[in-house]
Amino acid sequence: MQHTDHVLVVDDDAELRDLLSEYLGRNGFRVSVARDGREMRQLLDTASPDIVVLDVMLPGEDGLALCRDLRARSNLPVIMLTARGEELDRIIGIEMGADDYLSKPFNPRELLARMKGILRRARSLPPARAESHRLRFAGWTLDLAARHLIADDGVVVPLSGTEFRLLQIFVTHPNRVLDRNQLMDLALGREATPFDRAIDVQVSRLRQRLRDDAREPRIIKTVRNGGYVLAAQVEKAA
Amino acid sequence: MRLLPRSLFGRTLLVLAAGLLLAQTASLLVNLLDRGSAVYRLSAQQVAIRIAHMARVLNRLPEAARAELVEELAGTDVQILISTKPIKVTKGYAELDVYEAAFARAVRRSLGKPLETTVEITRLPRAQRARDAQADASAFDLWMGRHFYFLQPGQFSVVVQIALEDGAVAVFVARVPQERLARLETLVPRLALWLGIFFALAALVVRMVTRPLARLARGAESIGADPEGPPLAEEGPEETRSVIRAFNRMQIRVQAYLLERAELLRAVSHDLKTPITRMRLRSEMLADAAQRDKFLRDLGEMAQMVDSTLEFFRSLGNDPRREPVDIGALVESLAEDWRAMGHTVEVQGSPERPYLGHAQALRRCIDNLVGNAIRYGERARVVIEDDAHCLRIRVEDEGPGIPQDALERVFEPFFRLEASRNRASGGTGLGLSIARNVARWHGGDLVLQNRPQHKGITAQLRLPR
């Protein structure tokens, strides 16, 4: 029998909680719901969920504090729901160790896709979280909240959505060979077809952004018959 | 009122100058009429006594000795002539009769003896002093002499004829000095000097008043354009300061009012988020697929409106900080995102160097323009032009264009061109407002133009370096 993913929804809005529970249930999840941090902790012990969907605005202990607390205890994936959607929330969300965040009013299908993506990534790659919204590597800084690169000389280099997702995978998994299928799946959200060059096109764009020589790349190296690897030390930046 | 100058400056000067002139003239008249006659009377008294004394001496002397004395006395201000009969004197002016009578009385009083005395005060034109006939006495001189005799010192001669006891007549011609103040020649430059000093001072004072007013006007203008601007500095005289204070208080109230309205709109938009989320979930679970899709489309539109309304209020985020931005990468990356969704976006040109600006805001701005071009014109072409002073980004489409008279109105929040750009084509009516906000924050501007030779419009974004 296929494994049914178990999701824990934490939200203080009873109606939204019920609707989410029903919607996710219909889409193949086993769902538990909690009204606040206290209920969440009880359920974590008894229900052992695979993923947590956590509202930022909660009575008592807020979502950000709960996320940090959760992160300290386990590698359980967390998606934060925020009604504010402001950059500061995203920064804090990332620093608190959330895997993703969605701002209300989110599209339910988007939530579903993100949850599946995170669960897939959690199985495909060892979990790696930034814990800082700015990561430094090879003279570059990737700003996870603003979703752009910053060069050594301070110049901001904006990235397209795909470029950002791809680079995010690389910098959270440095010095690890990532094959085309993994990258396709995680960055483009689809499976590679035979002779699919989409990932190679994206990687070459990324190299261009990083001013990396395509013939002799130093940052993102090509692994023969394997895929690509980010050949750099990654550290948290202030 | 039409004759008054329009500016406060001009009016004040005019009123002050007229007042000064009036006061000067009045005081001059009083001065002359009053002091002139007083001085006249005083000196006439002296002269009358002297003439009487001389006449007494002459009366006593034998005829032969008189000539000697006359010679001795010559050269003083009184000229003496001994004649055998009375000389003919031009008749003076009727208004001087009083003085003549007074002079005659004074002479007689000092004569001691009842000698027949006649006094005639007569005006001698300037030329006559030079022992010339009236040849060069102009009509003006004569007119002045007749009406303003008191203004002309030394021009009057008092002719006193005293019949001596032996039948001879002693003729005394005295010049009566008058007040020097009365001289017209000195009066004109003096008044001019007065007016000069006065105008300079008045100009200074009036400027002190009008300068802060002019600044206030400029301030009012700039607050009209940007209610968030800094308050005006309190300068100038107290009256102006109080106007500026009142003005600044008004600005604060306007700001508070705008903030309140923005806050209200923001709060409403924010509070719509949860209900929209719920409705989206509810719609997803509708059994009727056609209904579900329609609901989801409407809700998608609502969500977009809420999003862009909130975005409008934070166009520049909480942290409007400038950093160098690679505009080439910015345009290329957002074009890439649109292409990933199956649209056609062409990019031409590249900037010479990074632009100092707000990366997120610039991205939102250009993304809105590209989004519009795709929505209304199927495809977008982005042209980047760069020079030392200005970065220009043109976004061109091939859509139906915009009526000429609506090219500015489309920047108004929530303005829609219903005819050609209906709601089915999406958009919230805030994209251009946000884009222009961002452009202006960077000191630049955003304008739309219909493309003359082509279909569609060009959005011209100008960002000064």
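Residues numbered from 1 in each chain as written. Chains lettered and ligands numbered in written order. Predicted model: local features only at pLDDT ≥ 70, side-chain atom pairs only at ≥ 80, totals over all residues.

Comments concerning the sheet that holds strand S12 (residues 227–230) of chain A
Residues and elements named next belong to chain A. Taken in spatial order, the three strands make up an open sheet running S10-S12-S11, and their pairing is antiparallel. Strand pairing shows two members of the sheet lacking a second neighbour, strand S10 (178–179) and strand S11 (220–223), which therefore form its edges. Sheet topology places S11 next to S12; four bridges connect them, and they run antiparallel. Pairing of isoleucine 220 across the sheet is with leucine 230, part of S12. (Pairing = 2+ DSSP bridges. Helix = DSSP H or I, 4+ residues; strand = E, 2+ residues; numbered from the N terminus.)

Here's the deal with the interface of chain A and chain B
Contacts between the two partners involve 30 residues from chain A, matched on the other side by 31 residues from chain B. Sorting elements by how many residues they give to the side of chain A that touches chain B places helix H1 (residues 14–26) of chain A first, with seven residues. Per-class residue counts for the side of chain A that touches chain B are 15 nonpolar, six polar and nine charged. (Contact = placed C-beta atoms within 7 Å. Nonpolar A, V, L, I, M, F, W, Y, C, P; charged D, E, K, R; others polar.)

A look at the sheet that holds strand S11 (residues 457–464) of chain B
All names here are of chain B. Strands sit in the order S6-S8-S9-S11-S10 across an open sheet of five strands; the sheet is mixed. Sheet topology places strand S6 (344–348) and strand S10 (445–450) at the edges, where each strand pairs with a single neighbour. Direction aside, the axes of adjacent strands within the sheet are offset by 15° on average. Bridge analysis of S6 against strand S8 (residues 379–386) gives five bridges, and the strand direction is parallel. (Axes fitted to C-alpha atoms, helices over the stretch in contact; angles between N-to-C directions.)

Quick look at the environment of glutamate 238 of chain B
Residues and elements named next belong to chain B. Inspection of the secondary structure assignment puts glutamate 238 in helix H7 (residues 238–284). The exposure class assigned to glutamate 238 is exposed, which follows from the 8 C-beta atoms found within 10 Å. The sequence separation of glutamate 238 and valine 209 amounts to 29 residues, and the corresponding C-alpha distance is 9.8 Å. (Buried ≥ 20, exposed ≤ 12 C-beta atoms within 10 Å, placed from the backbone.)

A word on the confidence of the model for chain B
Residues and elements named next belong to chain B. Mean pLDDT over chain B stands at 79; residues scoring 70 or higher make up 80%. In this model, residues 125–136 is a region of pLDDT below 50 whose contacts with residues beyond four sequence positions or in other chains number 15 contacts. Ignoring residues within four places in sequence, the model shows residues 178–182, a span with pLDDT below 50, making 15 contacts including any to other chains. Here the prediction assigns the complex a pTM of 0.62, and the interface score ipTM is 0.79. (pLDDT = per-residue confidence, 0-100.)

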